[in-house]
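Structure at a glance
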Amino acid sequence: MSLLSGVSETALMTLNGRAEQADRPDAIIDDPKAIELRDAFTTRFGVDYSKFGRRGQEMALRSLAADRCTIAYLRAHPKATVVALAEGFQTSFWRLDAAVHDPQFRWLSVDLTPVIALRQELLPQSPRITNLAQSALDYSWMDRVDASDGVFITAEGLLMYLQPDEAMDLIRECAKRFPGGRMFFDLPPTMVKKFAPKGIRASKHYRVPPMPFSLSINQLRALVGKVPGLKAVHDVPMPAGRGFAFNTVFPALWHLGPLKPFRGVYALLDFG
């Protein structure tokens, strides 16, 4: 039996990808906590990551993009609350804690009960971290956010697994509740929901769950003025990775105007 199921199980896949990229001599991300956590799952629970297939750079690059946006916000709002929705086994708190001078930000981790239980068992705790065992769609988490010093919301690997109305409602509620805040999330290319309605097969033994929600960066920008409180949508660049393709080709193609309606998205929303 799998340790986790459904969308929650993808947290192990992304952890393994990020740890792989941090554990190489030519690492593209500094994430020792991800390596420790990946190995702890193997030692304690016998997790076999091979079923998830390839361990490409995409997962680490997404985290780098989120980190850069979060750090920029924390420089202006050092005591802000960072809300990590459907955090899975991200280890962002420790990367940011090391990257920010005199870290004072607070952290709210929101995920389903099995994931939060594993985070509490396997990861160190901090008085600045609050864990909430609930769905991101249970908006009562918003009542636990102290927004007086700013709010930055991350939703890595979440919105694409929601139904379109659920994803848009979440964006609307965040925009309404947190003026002056920001939100980072990623989305796959819009063609994924059409050409892989049953999910993408990552290996012979694992299929990524369906991704019913996706919008291009142009479609997201068109929401400004239509979603109350949504002030701006920023197209976050793809960080440079390792090798010619990820260091040069893909980052350059990310900026190519004609491809923007068809590629994936790293989006940063301003609420005002």
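Heads up: the structure comes first, above all this text.
To start, this report covers the structure provided alongside it. For every chain, the first residue of the written sequence is number 1, and numbering continues from 1 along that sequence. Only residues with pLDDT of at least 70 get local features here, since the model is predicted, and only at 80 or more are side-chain atom pairs given and counted; chain-wide, interface and lining totals rely on the full set of residues. Hydrogens and water are ignored here; the side-chain numbers use all heavy atoms of the structure.

**A short note on the overall build of the protein**
Stated precisely, the cut-off is as follows: Each helix corresponds to a stretch of at least 4 residues labelled H or I by DSSP, and each strand to a stretch of at least 2 residues labelled E; elements are numbered beginning at the N terminus. In this setup the radius of gyration rests on C-alpha atoms only. A globule is expected at 2.2 Å times the number of residues raised to 0.38. Contacts are residue-level and defined by heavy atoms, with any inter-residue pair within 4.5 Å sufficient. Surface exposure here means Shrake-Rupley accessible area, sampled with a 1.4 Å probe, where a residue is shielded only by the protein chains that are shown. We count Lys and Arg on the positive side and Asp and Glu on the negative side, and we leave His and both chain ends out. A single reference atom marks each charge: NZ on Lys, CZ on Arg, CG on Asp, CD on Glu.
For the protein, the count of helices and strands is 9 helices and 9 strands. Taken over C-alpha atoms, the radius of gyration comes to 18 Å for the protein, in line with the 19 Å a tight globule of 272 residues would show. A principal-axis box enclosing the C-alpha atoms of the protein has dimensions of 50 × 45 × 35 Å. Taking the intrachain contacts of the protein between residues at least 6 apart in sequence as the baseline, contacts between residues at least 24 apart amount to 74%. When the accessible surface of the protein is totalled, it reaches about 12300 Å², and 55% of it is carbon and sulfur. Distance between charge centres in the protein, computed from 33 positive and 28 negative side chains, equals 6 Å.

**As for the layout of surface pockets**
Gaps left between atoms show up when a probe the size of a water molecule is rolled over them. Rules: Note on definitions: the grid is 1 Å and covers protein atoms alone; a cavity is a set of points where a 1.4 Å probe fits but cannot get out; a pocket is an open set with protein on both sides within 12 Å along at least five of seven lines; lining residues have an atom within 4 Å of a point. Grid points are joined across faces, edges and corners, and a volume is the space filled by probe spheres set on the points.
Size it by volume and the second largest pocket reaches roughly 250 Å³. Lining the second largest pocket we find 15 residues, and of these Asp 30, Asp 67, Arg 95, Leu 96 and Ala 99 sit closest to its centre. Here the lining of the second largest pocket gets 5 residues from one element, more than from any other, and that element is helix H4 (residues 92-99).

**Remarks on the nonpolar core**
Soluble globular proteins: nonpolar side chains tend toward being buried together. Put simply, the rule reads: Residues belong to a common nonpolar core when they are buried Ala, Val, Leu, Ile, Met, Phe, Trp, Tyr or Cys residues joined through side-chain atoms within 4.5 Å. The rule is simple: take the accessible area with a 1.4 Å probe, protein chains only, and divide by the maximum for that residue type; under 20% is buried, over 50% is exposed, in between is partly exposed.
Membership of the largest hydrophobic core comes to 93 residues, with the highest contact counts inside it found for Trp 141 and Leu 159. Sort the elements by how many residues they give to this core and helix H3 (residues 58-76) lands first, with 10 residues. Setting aside its immediate chain neighbours within four residues, Trp 141 contacts Val 83, Leu 85, Leu 108, Val 110, Leu 132, Gln 134, Ser 135, Ala 136, Ile 153, Leu 170, Cys 174 and Phe 178.

**A look at the sheet that holds strand E3 (residues 129-133)**
Using the following cut-off: Should DSSP find at least two bridges between two strands, the strands are taken to pair. For helices, the fitted line uses only the C-alpha atoms of the stretch in contact; every axis is such a line through C-alpha atoms, and the angle between N-to-C directions lies from 0 to 180 degrees.
Pairing within the open sheet is mixed, and its 7 strands lie in the order E3-E2-E1-E4-E5-E9-E8. For this open sheet the edge positions go to E3 and strand E8 (230-235), each flanked by a neighbour on one side alone. The mean inter-strand angle of the sheet, taken between neighbouring strand axes irrespective of direction, is 20°. Bridging between strand E5 (residues 182-187) and strand E9 (residues 265-271) involves 6 bridges; their strand directions are antiparallel. Each bridged residue has a counterpart across the sheet, and for Phe 185 the counterpart in E9 is Ala 267. Lying on the sheet, H3 is in contact with strand E1 (81-85), strand E4 (151-155), E5 and E9; it crosses E5 at an angle near 170°.

**Considerations on the pattern of salt bridges**
What counts here: Counted as salt bridges are all cases of a side-chain nitrogen of Lys or Arg within 4 Å of a carboxyl oxygen of Asp or Glu.
Applying the stated rule across the entire model yields 22 salt bridges. Across the pair Arg 119 and Glu 87 runs a salt bridge whose closest N-O atoms are separated by 3.3 Å. In this pair, Arg 119 sits in helix H5 (residues 113-122) while Glu 87 sits in the loop between E1 and H4, placing the two residues 32 residues apart along the sequence. Neither residue differs from the other here; Arg 119 and Glu 87 are each classed as buried. As a salt-bridge pair, Asp 143 and Arg 177 come within 2.9 Å of each other at their nearest N and O atoms. Highlighted residues: Asp 143 in the loop between E3 and E4 and Arg 177 in helix H6 (residues 164-177), separated in sequence by 34 residues. Three or more residues are tied together by salt bridges with common partners; here these are Arg 18, Asp 31, Asp 67 and Arg 95.

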